[in-house]
Amino acid sequence: MVEWTDFERATIQSIFSKMDYDDVGPAVLSRCLVVYPWTQRYFGNFGNLYNAAAIQGNPMVAAHGKTVLHGLDRAVKNMDDIKATYEELSVLHSEKLHVDPDNFRLLADCLTIVVAARMGVDFTADVQGAFQKFLAVVVSSLGRQYH
Amino acid sequence: IPFSSFIHPLNRLCGTAEPLAKMSLSAKEKVIVKDFFAKVSSRSDEVGAEALARLIVVYPQTKSYFAHWKDLSPNGAPVRKHGITIMGGLYEAVSKIDDLAGGLLTLSELHAFVLRVDPVNFKILSHCIMVVLSMLFAEEFTPQIHVAVDKFLALVALALSEKYR
């Protein structure tokens, strides 16, 4: 089981309670599709992803970005058993969506960059450490049911 | 999917695989990188110091390379000074952007034969640098600039790993 310090718990709750999902969700997914273009392979039916401007203006990308970000809510609410919380989602990503689990890490990196941009100097090294630890647990849990 | 996009694992292997085709920066991306680094140059010391401080805090295993420092606190003098040194190296790389392997030969030999930093650390330091850039230059660090800088840092890491084996 993952051990969380009081600081880490408080940091994660604070970041997500203050997060503007409508802003961050689209920003994260569109950034991922631009910075790691091979991730576009999963969004063949999203229409125009031909360049950065198209990606950032694409409404399907924006909607899906919000969906994915809200997917983290369950982990935020169940920090003491993220592994069990994401068991079904892990199976889904493996068996139905066929997503390479390395993509979870890429998205997590983009989320860190976007949150850093929104928080500015409040995104201290300790806050970054807590945030990345949380995301690492999420990423690990989502990859756990792959076989 | 174009063949070149399968080269991305090279970023993660950092010099441990011989590519058939090498990822490289387009002319446009070189301009993006040079312009962006020029724009942030007034705070480059701050970026370097902060990035190294973060490396040590967020990835504590990296402290293994600095055991010879008396003071390993993230805001202490040795960390700040070394962060500035590293950033200076990056600016040198920007000036040699058309031939990173040739231009960074001395630094490459230093990292290969003297420092022997495991190449995985280039990747995580690159990430920390980009987090700090995103923090301090939120509006400027757009996805388009992010991808160019990410590629540039990966190529610098490759050049630094040139002589490892």
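Bear in mind the structure is a predicted one, so any value in this text is a computation, not a measurement.

S.K.: I'd like a rundown of the UniProt feature "domain: Globin" (unreviewed entry) in chain B, residues and numbers included.
M.R.: Here, UniProt's "domain: Globin" (unreviewed entry) annotation points to residues 24–165 of chain B. Along residues 24–165 of chain B one finds 69% helix and 0% strand; the C-alpha atoms at either end are 21 Å apart.

S.K.: Break down the environment of Val34(A) for me, with residues and values.
M.R.: Positionally, Val34(A) belongs in helix α2 (residues 21–35). If we skip the residues at most four places from it in the chain, Val34(A) touches Ala52(A), Ile55(A), Pro143(B), Gln144(B) and Val147(B).

S.K.: Give me the interface of chain B and chain A: which residues, what numbers.
M.R.: Listed per partner, the contact involves 23 residues of chain B and 25 residues of chain A. Where chain B abuts chain A, roughly 2100 Å² becomes buried across the two surfaces, and 60% of that area is made up of carbon and sulfur atoms. Where chain B packs against chain A, one counts zero salt bridges. Viewed at the interface, chain A and chain B are joined by seven residue pairs in polar contact (both at pLDDT 80 or more).

S.K.: Give me the lowdown on the packing of aromatic side chains, citing residues and values where you can.
M.R.: Applying the stated rule across the entire model yields 14 aromatic pairs over all chains. Judged by centre distance (6.3 Å) and plane angle (75 degrees), the ring pair of Phe104(A) and Tyr146(A) falls under edge-to-face. Of this pair, Phe104(A) sits in helix α8 (residues 102–119) while Tyr146(A) sits in the segment after α9 (125–143), and the two are 42 residues apart along the sequence. By relative accessible area, Phe104(A) is classed as buried at 10%. Classification of Tyr146(A) by relative accessible area gives partly exposed; the value is 22%. A centroid spacing of 4.5 Å and a plane angle of 20 degrees characterise the contact between Phe66(B) and Trp69(B), whose relative ring orientation is stacked.

S.K.: So what's going on with helix α7 (residues 87–96) of chain A? Which residues, and what values?
M.R.: Residues and elements named next belong to chain A. Within α7 the residues assigned to the buried category are Leu89, Ser90, His93 and Ser94. What you see down the axis of α7 is that its buried residues fit within an arc of 130 degrees, all on one side. Set apart from the buried face of α7 by more than 90 degrees, the exposed residues are Glu88 and Lys96. On the buried face of α7, the contacting elements are α5 (73–77), α8 and α9. Just beyond α7, the residue with positive phi is His98, at close to 55 degrees.

Definitions and cut-offs
- Residues numbered from 1 in each chain as written.
- Chains lettered and ligands numbered in written order.
- Predicted model: local features only at pLDDT ≥ 70, side-chain atom pairs only at ≥ 80, totals over all residues.
- Heavy atoms only, no water.
- UniProt positions renumbered as here; feature names shortened; annotations may be inferred.
- Helix = DSSP H or I, 4+ residues; strand = E, 2+ residues; numbered from the N terminus.
- Contact = heavy atoms within 4.5 Å.
- Buried area = accessible area lost by both parts, 1.4 Å probe.
- Salt bridge = Lys/Arg side-chain N within 4 Å of Asp/Glu carboxyl O.
- Polar contact = N/O pair within 3.5 Å; in protein donor to acceptor, adjacent residues only side chain to side chain.
- Phe/Tyr/Trp six-rings, centres within 6.5 Å; stacked < 30°, edge-to-face > 60°.
- Buried < 20%, exposed > 50% of the residue type's maximum accessible area, 1.4 Å probe, protein only.
- Arc of directions from axis to C-beta.

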